[in-house]
Amino acid sequence: MSERFHDIGLTVNGEEVRERVDARKTLVDFLREDLSLTGSHVGCEHGVCGACTVRVDNVVVRGCLMLAVQCDGTRVETIEGVSDLGEIADLQSAFETRNALQCGYCTPGMLLTAQELLARGDVPSRDAIRAHLSGNYCRCTGYHAIVDAIEAVAQSRAGGRR
Amino acid sequence: MKPAPFAYERARSLDHAIELIGGAEDTRLLAGGQSLIATLNMRLSRPQLIVDINRVPGLDHIRRRDGHIEIGALVRHAQAERSAEMTAHAPLIAKALPFIGHPAIRNRGTIGGSIAFGDPAAELPACFVALDGEAVIAGPAGTRVVKADQFYKGLFESALTPRDILTAIRLPATIADMRTGFAEFARRHGDYALAGLAASARPNGKTLSEVRLVFFGVAATPVRARNAEAALANGDIEAAARALATDLDPPDDVQATGAVKRQLAGVLLRRVALELMEGRT
């Protein structure tokens, strides 16, 4: 008999988590409501805005377009974990310096999406940065400052490697 | 919004998945989920049972065999984008992939899901028809193969029954002289296209043969513009653009009127025709 409720075990920001979830609960709702990780935001709930962006098994995904029950056995990382590890400290600092956020609602998603692009290791063109961010809405900044911040970090990380 | 309640099962194998969808009414297969979960969230879809096939082994291969390139249904868009095999032997798909959704969507979305769902404004169904591909379908009675031209039947309706699973698509591996073209118009990069065109052809002296022009976003299914194909085979781009008046009858939708889509189709055709004729593959 097929069931609505399932026991899942996963790693969230390096910590083992075991919970019983309703199959219909999305990953982002699970993170926010069951684990109180409210850094991932809920915007459109149909994959358009990017506010719910998180990482599952090292790739950036929409937290509203995955079910929590699907994440059994996976490794999930949210803005809280990525932030605490210092992985994106330079990017966060650049966002602040360049006014790449105002209300901050889109920022966790922007940071994780930008980090995926930057992790490739090259210095992307401004067009490539814009294309990569096309799935993340910001209603405050007009994007220009966000692109500036990401470009600056790409250049400084490339400089650091030389 | 939040999804209505449903039961969930994770299929262990293809046979298990077929058994699960055959054993209940109103089931949906969950692959990448990038369309399905959005429709669940909006309660446009309220299935009783979701059968998750993400961990079914043997459905995520990209391989060449017998002059074909076979793409497993669970190959993610991002995986296909990184595949040298795809770039070399399915260049039309490689051209189309960057237009599909956004990076986070492409990390999850699957080739099989896109082909099976058959959104009329989606890129891959049109590429599949333009490349004269084949769908490999597993069902309770065994496996069968359906040609792309016979696959799409109507709006979100295909040769797949509710008891079937698309396991792979096969495309003729591109040979040296094959030419392809792709273009679309969307309001924002990665959004569904207002109108788009996927095309393939073979050069034949100064003209083209085996021209396939497949428009998307302009009808209930991907649609071949057969009169325009004939005109383009004769090398007459303007005649091909005029022929779209008989080939296409785009309905109005929330994004654009039919008249706008018709105009865009002509612009796309002129762009893609140059790509085909000049061999900028």
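Computed from a predicted model, the values in this text were never measured in an experiment. Numbers given to residues run from 1 along each chain, matching the order in which its sequence is written. Here chains are named by letter from A upward and ligands by number from 1 upward, in the order in which they appear as written. At least 70 in pLDDT is required for a residue's local features to be given in this predicted model, at least 80 for side-chain atom pairs to be given and counted, and no such filter applies to totals for whole chains, interfaces and linings, which use all residues.

A. Just the sheet that holds strand 5 (residues 75-77) of chain A, in detail. Residues and elements named next belong to chain A. Strand order in the open sheet formed by 5 strands is 2-1-5-3-4, and the pairing between neighbours is mixed. Across the chains shown, the open sheet's two edge strands, defined by having one partner strand only, are strand 2 (15-22) and strand 4 (59-62). Ignoring which end each strand starts from, the neighbouring axes of this sheet average 40° apart. In this sheet, strand 5 lies alongside strand 3 (residues 53-56) in antiparallel orientation, the contact comprising 2 bridges. For two strands to pair, DSSP has to find at least two bridges joining them. Elements are defined by DSSP. Helices are runs of H or I of four residues or more, strands are runs of E of two residues or more, and each kind is numbered from the N terminus. Angular values range over 0 to 180 degrees, each being the angle between N-to-C directions of two axes fitted as lines to C-alpha atoms, with helices fitted over their stretch in contact.

B. Spatial organisation of the interface of chain B and chain A. Facing the 30 residues of chain B at the interface are 27 residues of chain A. Residue assignment for the side of chain B that touches chain A shows that the elements contributing at least two residues are strand 1 (7-10), helix 2 (36-41), strand 3 (49-52) and helix 6 (103-108) of chain B. With 5 residues, the single largest contributor to the side of chain B that touches chain A is helix 6 of chain B. Classifying every residue of the side of chain B that touches chain A by side-chain character gives 16 nonpolar, 9 polar and 5 charged. The contact rule is simple: place each C-beta atom from the backbone, and if two of them lie within 7 Å, those residues are in contact. Gly falls in the polar group here, along with every residue not listed as nonpolar (Ala, Val, Leu, Ile, Met, Phe, Trp, Tyr, Cys, Pro) or charged (Asp, Glu, Lys, Arg).

C. Quick peek at the sheet that holds strand 11 (residues 179-185) of chain B. Residues and elements named next belong to chain B. Spatially, 4 strands are ordered 11-12-13-14 in an open sheet, and the strand pairing comes out antiparallel. Of all the strands in the sheet, just strand 11 and strand 14 (223-224) have a single pairing partner and so form its edges. Looking at chain direction, strand 12 (residues 195-204) and strand 13 (residues 207-216) are connected through 8 bridges and run antiparallel. Among the inter-strand pairings, Ala-198 is bridged to a residue of strand 13, identified as Val-214. Across the sheet, helix 9 (residues 226-233) lies against strand 13 and strand 14, angled at about 150° from strand 13, the strand it touches most. Sheet strands touched by helix 11 (residues 258-278): strand 11, strand 12 and strand 13. Its angle to strand 12, the strand with the most contacts, is close to 30°.

D. Structural context of the domain arrangement of chain B. Residue and element names in this part refer to chain B. Where each domain begins and ends follows an automated or database-derived domain assignment. Domains assigned within chain B are domain 1 (7-52), domain 2 (62-172) and domain 3 (179-276). Taking the mean C-alpha position of each, domain 2 and domain 3 sit 20 Å from one another. Sorting the residues of the side of domain 2 that touches domain 3 by element identifies helix 5 (91-96), helix 8 (123-130) and strand 8 (152-154) as the ones contributing at least two each. Ranked by residues supplied to the side of domain 2 that touches domain 3, first place goes to helix 8 with 6 residues.

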